[in-house]
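Structural overview for review
Residue-level listing of the chains:
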Amino acid sequence: MPNVETSTPPNTPAPIGPYNHIARVDRFITIGGTAGVDPATGQLAGPDVQSQTRQIRDSFAVMLASVGSDLAHVVHVNIFLAHMSDFEAMNTAYVEKMGDHRPARTAIGVSELPKPGVLLTMNLTAVTND
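Reading the values: the criteria
Residues numbered from 1 in each chain as written. Predicted model: local features only at pLDDT ≥ 70, side-chain atom pairs only at ≥ 80, totals over all residues. Heavy atoms only, no water. Helix = DSSP H or I, 4+ residues; strand = E, 2+ residues; numbered from the N terminus. Rg over C-alpha atoms; globule rule 2.2 N^0.38 Å. Buried < 20%, exposed > 50% of the residue type's maximum accessible area, 1.4 Å probe, protein only. Lys, Arg positive; Asp, Glu negative; His and termini not counted. Charge placed at Lys NZ, Arg CZ, Asp CG, Glu CD. Axes fitted to C-alpha atoms, helices over the stretch in contact; angles between N-to-C directions. Parallel < 35°, antiparallel > 145°, perpendicular 65-115°, else oblique. Left-handed = near helix turned anticlockwise from the far one by under 90°. Contact = heavy atoms within 4.5 Å. Nonpolar A, V, L, I, M, F, W, Y, C, P; charged D, E, K, R; others polar. 1 Å grid on protein atoms, 1.4 Å probe; cavity = no way out; pocket = protein on both sides within 12 Å on 5 of 7 lines; lining within 4 Å. Points joined across faces, edges and corners; volume = space filled by probe spheres on them. Salt bridge = Lys/Arg side-chain N within 4 Å of Asp/Glu carboxyl O. Pairing = 2+ DSSP bridges. Right-handed = clockwise from strand over helix to strand, strands pointing away. Polar contact = N/O pair within 3.5 Å; in protein donor to acceptor, adjacent residues only side chain to side chain.

**Here's the deal with the overall build of the chain**
From N to C terminus, the chain includes 2 helices and 6 strands. Expected size for 130 residues packed as a compact globule is a radius of gyration near 14 Å; at 14 Å, the chain falls within 12% of this value. Counting only C-alpha atoms and orienting by the principal axes, one finds that the chain spans roughly 45 × 30 × 25 Å. Out of the 130 residues in the chain, the part that is buried amounts to 35%. Of the side chains in the chain, 8 bear a positive and 12 a negative charge, and the two mean positions are spaced by 2 Å.

**Overview of the packing of helix α1 (residues 49–66) against helix α2 (residues 87–98)**
Two numbers describe how α1 lies on α2: the axes approach to 8 Å, and their chain directions differ by 30°. Comparing the axis directions of α1 and α2 gives the class roughly parallel. Of the two possible hands of crossing, α1 and α2 adopt the one that is right-handed. Seen from α1, the contacting residues are V49, Q50, T53, R54, R57 and D58; seen from α2, they are A89, M90, T92, A93, Y94, E96, K97 and M98. Taken together, the residues of the contact of α1 with α2 sort by class into 6 nonpolar, 3 polar and 5 charged.

**Let's talk about the layout of surface pockets**
Estimates place the volume of the largest pocket at around 280 Å³. For the largest pocket, the lining is made up of 18 residues, of which A14, I16, Y19, A35 and V37 are closest to its centre. In terms of residue count, strand β3 (residues 28–35) provides more of the lining of the largest pocket than any other element does, 3 residues in total. Classifying every residue of the lining of the largest pocket gives 10 nonpolar, 6 polar and 2 charged.

**Considering the pattern of salt bridges**
Applying the stated rule across the entire model yields 3 salt bridges. Between E96 and R54 there is a salt bridge, with its nearest N and O atoms 2.7 Å apart. Note that E96 is positioned in helix α2 and R54 in helix α1, a separation of 42 residues in sequence. Judged by its relative accessible area of 45%, E96 is partly exposed. The residue D58 makes a salt bridge to K97 at a minimum N-O spacing of 2.6 Å. Of the two residues, D58 is situated in helix α1 and K97 in helix α2; the sequence distance between them amounts to 39 residues.

**Topic: the pairing of strand β4 (residues 74–81)**
As paired strands, β4 and strand β6 (residues 120–127) are joined by 7 bridges and run antiparallel to one another. Considered in β6, the bridge of I79 is made with M122. Crossover handedness for the path β4 to α2 to strand β5 (residues 104–109): right-handed.

**Considering the side chain of Q52**
Positionally, Q52 belongs in helix α1. Residue class for Q52 comes out buried when judged on its relative accessible area of 0%. A polar contact of 3.0 Å, which involves the side chain of Q52, links it to the backbone oxygen of G46. One polar contact links the side chain of Q52 to the main-chain amide nitrogen of L119, over a distance of 2.8 Å. With near-sequence residues (within four places) excluded, Q52 lies in contact with G36, L44, G46, P47, G117, V118, L119 and L120.

This is the structure:
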């Protein structure tokens, strides 16, 4: 039976609950719900959805690198938006980080998120580079 390895690497936001951000089994990687929190300050990266989206993507890049992957190996992304009216602004910042890679994606409108001021969270599945 394969082992499940979990971790939260340095230079990423601290989890706000009893969990690690990353779970890996062989080449399969999942990253749990991540908000746009600057890991250096513990504060939101900005008050707008674009700043928070950019920070989430930066955090994902660090997390993926820690387990032998990168944004080009993302298979699926879930996006949870507090306001669907932020959808286009989120897309603009999302494309900046993803480039031409277009993994499967789901966007869901939610009524509330756990940390005050958070406009969106994302989670993803990916595979390792090897």
